[in-house]
Amino acid sequence: MTLLITIFAAVVATLVWYTKPALRDLKVGVLCWMFWGASLMWMIDAVFEFSELGADYFAPAGADMINDGFLGFAVVALALVIWTVIVLVSDPRGTVKAAITKR
Amino acid sequence: MACFLVPTAEAIVTTVIAKTAKEEKKDYTHIDAETGEAVSEKPAKMSFVRKLKWLSNMLWGGAVLLCFEHLWHGEVVPFPPFLTAASDPADTAVMLHEMSTVGVCMAALITAVWVGMVIVSSVIENREEKEAPVASQEV
């Protein structure tokens, strides 16, 4: 579940980066790198787990699925928080600076 | 257990290389023959350092999210020894085995994907370079 949710997040972030050039200066690329990096790493994890469990890998217990799904959404939330901090700190459109210096 | 430490180590190495390798700073300005004005034209090719940053970004991004997953599962703790498997020798052996198998494969896959990206971008850049003079002659 974690892998699936991260792959979906990676695809969505990549599509946003590709179709919305105006958002590229908001560093949407950071999200793409994070989600694709994590997806590839968890893919390896999944391959090793599949080699151990075999077909059972595709029939997880309900509680495990809920926990993994919860983890997947938490991972997406963490990545979004990191991205927000990066955008606010780098302030590519000068919005934060304008808000602070505005009287 | 601590498989993400291998990509993290690679991320540190690539970041250090990218930071220390200075990008070639060439002067791309030349005097235009018709107007007599100085014109600056940057080359179409992307520097290798910039491409290396793709690799370090992917490694850091993945390592951070995987570190969070390990925190979630209680395999990483915010106090010494930081890795719960490090407190027991038997667990440490399992952890090292996992790092040498899963961790190395993770780093290898990300590096392989990056190599593919570099090859594709080089092909696109070369194609662009070949097409550019033809296009200017047509005009």
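Note that this is a predicted model, so its numbers are computed, not measured. (Residues numbered from 1 in each chain as written. Chains lettered and ligands numbered in written order. Predicted model: local features only at pLDDT ≥ 70, side-chain atom pairs only at ≥ 80, totals over all residues. Heavy atoms only, no water.)

What follows concerns the interface of chain B and chain A. In this complex, chain B contributes 23 residues to the contact, which on the side of chain A involves 20 residues. Counting the surface lost from both chain B and chain A, the interface buries some 2,000 Å², and carbon and sulfur atoms represent 86% of this. For the chain B face of the interface with chain A, the top three residues by lost area are L65, F68 and W72 of chain B, together amounting to 31%. Counting across the interface, chain B meets chain A through 0 salt bridges. On inspection of chain B and its partner chain A, the count reaches 2 residue pairs in polar contact (both at pLDDT 80 or more). (Contact = heavy atoms within 4.5 Å. Buried area = accessible area lost by both parts, 1.4 Å probe. Salt bridge = Lys/Arg side-chain N within 4 Å of Asp/Glu carboxyl O. Polar contact = N/O pair within 3.5 Å; in protein donor to acceptor, adjacent residues only side chain to side chain.)

Formed by 43 residues in total, the largest nonpolar core has its most connected members in F35 and W42 of chain A together with L65, L66, M106, I110 and W114 of chain B. Residue assignment for this core shows that the elements contributing at least two residues are helix 1 (2-19), helix 2 (28-53) and helix 3 (62-90) of chain A together with helix 1 (5-20), helix 2 (48-72) and helix 3 (89-138) of chain B. It is helix 2 of chain A that contributes the most residues to this core, 11 residues altogether. When near neighbours in sequence (up to four residues on either side) are disregarded, L66 of chain B contacts A38, M41 and W42 of chain A together with F4 and M106 of chain B. (Core = buried A, V, L, I, M, F, W, Y, C linked by side-chain atoms within 4.5 Å. Buried < 20%, exposed > 50% of the residue type's maximum accessible area, 1.4 Å probe, protein only. Helix = DSSP H or I, 4+ residues; strand = E, 2+ residues; numbered from the N terminus.)

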